[in-house]
Structures are given as structure tokens and as C-alpha cells.
Amino acid sequence: MPPSIQALTHTYFRHNKRFPHVWCPGCGNGIVMGALLRAITRLELEKDEVVLASGIGCSGRMPTYLDFNTLHTTHGRALTFATGIKLANPALDVVAIMGDGDATAIGGNHLIHAARRNLNLTAIIINNSIYGMTGGQYSPTTPFGSTTTTSVYGHIEHAFSIAELAVTAGASFVARSTVYHAALADQLIEQAMMKPGFAVVEIISNCHVQYGRRNKLGNAVDMLNAFKEQAVTVKKGSTMEEDELRDKITIGVLADRDLPVSTDEYKRIREQARSKREGK
Ligand code: SF4
């Protein structure tokens, strides 16, 4: 049986700090936080074994509410801090929590290179198609034609897919869920945290306040119901034509492959160099 919300709240929240939280009622960030906590509980990790690093944005607040080792860093840099932590102490389970703007605009290069390097990290990217906290500007995942504060006549750039970018860049594990599919989200996070190498879980979320309102998508419940309608599994999606997939969200595991892990490789060459220096 999954742990109750009450049990998760008592175990993991920093009750005396940062509450009430800043998220709008109905924001998908809370669902992602619940999914992360359920995954950590099932993995039976001690609080001190886990590090949560975030950048800036609504999602960036998540670690400040949670009683783990946490770092709230600068915009787009969650993965750089996570990299440093992992290299300093490879035994830690390091999770970077980012939004779409944070991970794929200012932090886009870090995402690509963390995947290419195959660091043993988990990246959770909450994709709500907009910069929510700073007032609703378009991000790299804002759909073409959408209205935002920086595209009041409709967005003229095309969105890219975060998960497919991560697959192409070489991540070991890549998966996608939506906040409607909360149980799937926590299973995917659990799989990602267990996977050696760089693991990315993209979770499509609702920002009904900045994105939904401007694009007449209704309230939080309407947006969640739309995710339910739009979702197709990876298996079903593989049988569909490109045109049929245009407005769909493919959910499930997109890539799961065993590749040399950067932290292991680093240890190996360090030992090799030491042996050489000592004439062994
Ligand atoms: S602005 Fe959007 S992403 Fe930010 S808390 Fe509100 S609903 Fe959530």
C-alpha cells in the first residue's frame, strides 16, 4: 500500500520553514513532489543519502519545503551543482528538480552535456510550457501559436521535446509522465533513481494560472483532464502516424540503456593514473 499523504507530510516536510508554500492552488508541482516522496519511500533511502538540487522558478521551491540535504541554486544551474555534489560524494542519491525554462533555456547546455557525459544523476523536469514564477514568458517548450506575456499575438517559435532531446543527447534512462498520471510518475522516478547513469523524467504539468488562463485551457482540473485525453503510451504511440501523434503526449519509458557511467569511468582513470605514477 502506498504511504498516506499524512505520513509523507510528517516524515519529509520542514514544518517550521517556508510554509505556507508559494504554489497556486491546484498547481501540478505538488503532485510531482508527492510522486518524488513516494519513490524515495519505496526505495527506503535515508534522508541523509538524498540530495535535492533546484534552480529558480516555481518548481525550484520544492527542495526548500523538504527535509533532505537541499540546495536552491541559481537559474538553470541545478545540474551543475548536482554534478559537483555527485563527483565529491558518488554514494549520494542526487536529484535535480527543474522547470522547463530552467532546464532547457538557460540550463539547456547543462542538460545536454550531463546526458552526454552520463553522470549518475536523476533529473526531474516539470514541463508546464511557460515561465510561471516570473510572469508567464514563453519557454523552449511553449507550443507554436500560444499566448504568453512575451508572445501576446501568438508564439512564433516551435517547441521542442525535452524527453526526446535527452534520448538524443545520450541519457541512460528517459521517461515521461503527466501530473494526471501521478502513480506512473512515481514509478518512473523510482526507476530513474535506481538506474546507473543520467536519468531524466519529464513530467507534463499544469500552470493554469500563467499558461492555461491565457490560452483558455480552463482550471487545474480541466488541464488535468486534457492530459488524460492527450496521453498515449509509448507502445501505442509507436503504432501511430506522425500526424496522429501531433497533439498527443507519449508517456512511459522512452529509453533505458546501459552505458558507461561518468563517475565510474572517472574513478577508473584516476586509479589508472595513480598506478602509472607509482610505476605499477
Ligand atoms: S504560476 Fe503556475 S507553475 Fe507557478 S505555482 Fe502558479 S500554477 Fe504553479
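Calculation rules
- Residues numbered from 1 in each chain as written.
- Predicted model: local features only at pLDDT ≥ 70, side-chain atom pairs only at ≥ 80, totals over all residues.
- Heavy atoms only, no water.
- Axes fitted to C-alpha atoms, helices over the stretch in contact; angles between N-to-C directions.
- Helix = DSSP H or I, 4+ residues; strand = E, 2+ residues; numbered from the N terminus.
- Parallel < 35°, antiparallel > 145°, perpendicular 65-115°, else oblique.
- Left-handed = near helix turned anticlockwise from the far one by under 90°.
- Contact = heavy atoms within 4.5 Å.
- Nonpolar A, V, L, I, M, F, W, Y, C, P; charged D, E, K, R; others polar.
- Phe/Tyr/Trp six-rings, centres within 6.5 Å; stacked < 30°, edge-to-face > 60°.
- Buried < 20%, exposed > 50% of the residue type's maximum accessible area, 1.4 Å probe, protein only.
- 1 Å grid on protein atoms, 1.4 Å probe; cavity = no way out; pocket = protein on both sides within 12 Å on 5 of 7 lines; lining within 4 Å.
- Points joined across faces, edges and corners; volume = space filled by probe spheres on them.
- Near = heavy atom within 4 Å.
- Pairing = 2+ DSSP bridges.
- Salt bridge = Lys/Arg side-chain N within 4 Å of Asp/Glu carboxyl O.
- Arc of directions from axis to C-beta.
- Polar contact = N/O pair within 3.5 Å; in protein donor to acceptor, adjacent residues only side chain to side chain.

So, about the packing of helix 2 (residues 29-42) against helix 8 (residues 182-194). With their axes 8 Å apart at the nearest point, helix 2 and helix 8 run at an angle of 50 degrees to one another. By the angle class used here, helix 2 and helix 8 are oblique. Viewed along their axes, helix 2 and helix 8 form a crossing whose handedness is right-handed. Note on element contacts: helix 8 touches helix 2 through Ala-182, Ala-185, Asp-186, Gln-187, Ile-189, Glu-190 and Met-193, opposite Ile-31, Ala-35, Leu-36, Arg-38, Ala-39, Ile-40 and Arg-42. By residue class, the composition of the contact of helix 2 with helix 8 is 9 nonpolar, 1 polar and 4 charged.

Moving on to the packing of aromatic side chains. One pass over the structure, following the stated rule, counts 4 aromatic pairs. Seen in terms of ring centroids, Phe-13 and Phe-19 are 5.5 Å apart; in terms of plane orientation they differ by 15 degrees. Their pairing is stacked. Its relative accessible area of 33% is what places Phe-19 among the partly exposed residues. Here the aromatic rings of Trp-23 and Tyr-65 are separated by 5.3 Å at their centres, their planes lie at 85 degrees, and the arrangement is edge-to-face. A residue pair is termed long-range when its members are at least 10 positions apart, and Trp-23 in the loop between helix 1 (5-12) and helix 2 and Tyr-65 in helix 3 (residues 62-65) qualify at 42 residues. As far as burial versus exposure is concerned, Trp-23 and Tyr-65 are alike and both buried.

Here the largest pocket is characterised by a volume of approximately 1,200 Å³. Around the largest pocket, the lining is made up of 32 residues, and of these Leu-245, Arg-246, Asp-247, Lys-248 and Ile-249 lie nearest the centre. Only helix 7 (162-169), strand 6 (199-204), helix 10 (220-230), helix 12 (242-245) and strand 8 (249-256) provide two or more residues apiece to the lining of the largest pocket. Top contributing element to the lining of the largest pocket by residue count: helix 10, with 5 residues. Taken together, the residues of the lining of the largest pocket break down into 15 nonpolar, 9 polar and 8 charged.

This paragraph deals with the site of the ligand. Around the ligand, the neighbouring residues are Trp-23, Cys-24, Cys-27, Cys-58, Asn-128, Gly-132, Cys-207, Val-209 and Gln-210. Its residues assigned to classes, the shell around the ligand shows 6 nonpolar, 3 polar and no charged.

This paragraph deals with unusual backbone geometry. Looking along the chain, the bond that leaves Phe-19 and enters Pro-20 is cis, with omega of 5 degrees. For Pro-20, the position within the fold is in the loop between helix 1 and helix 2. Even without being glycine, Ser-129 reaches a positive phi, approximately 70 degrees. Topologically, Ser-129 is positioned in the loop between strand 4 (122-127) and helix 7. Even without being glycine, Lys-216 reaches a positive phi, approximately 50 degrees. Tracing the backbone shows Lys-216 in the loop between helix 9 (208-212) and helix 10. Classification of Lys-216 as exposed rests on a relative accessible area of 76%.

By the criterion of burial, strand 3 (residues 93-99) is predominantly enclosed, with 6 of the 7 residues buried. Pairing between strand 1 (residues 50-54) and strand 3: 5 bridges, direction parallel. Bridge assignment links Ala-53 to a residue of strand 3, and that residue is Ala-96. As defined by bridge partners, strand 3 adjoins strand 4 across 5 bridges and the pair is classed as parallel. Each residue of the ladder has a partner; that of Ile-97, found in strand 4, is Ile-124.

So, about the pattern of salt bridges. Pairing between side chains of opposite charge can happen when the charged atoms of each approach one another. A complete count under the given rule lists 10 salt bridges for this structure. The closest approach of N and O atoms between Asp-243 and Arg-246, which form a salt bridge, is 3.1 Å. The exposure classification of Asp-243 matches that of Arg-246, with both residues exposed. Three or more residues are tied together by salt bridges with common partners; here these are Arg-38, Arg-42, Asp-186 and Glu-190.

A word on the environment of Ala-123. Examined against the element boundaries, Ala-123 turns out to sit in strand 4. On the accessibility criterion, Ala-123 (0% relative accessible area) is buried. Look past the residues within four positions of Ala-123 in its chain and what remains in contact with it is Leu-79, Ala-96, Met-98, Phe-198, Ala-199, Val-200 and Val-201.

Each turn of an α-helix holds 3.6 residues, which means side chains three or four residues apart point in the same direction. Taken as a whole, helix 7 has its buried residues at Ile-162, Ala-163, Ala-166 and Ala-169. Buried residues in helix 7, looked at end-on, bunch into an arc of 125 degrees, giving them a common side. The elements touched by buried residues of helix 7 are helix 5 (100-106), helix 6 (108-117), strand 4, strand 5 (173-178), strand 6 and strand 8. Taking the backbone nitrogen of Glu-164 as reference, a side-chain oxygen 3.1 Å away marks Ser-161 as the first, capping residue of helix 7. Positioned one or two residues after helix 7, Gly-170 has a phi angle of 110 degrees, which is positive.

As far as function goes, none of this settles anything; it's purely spatial.
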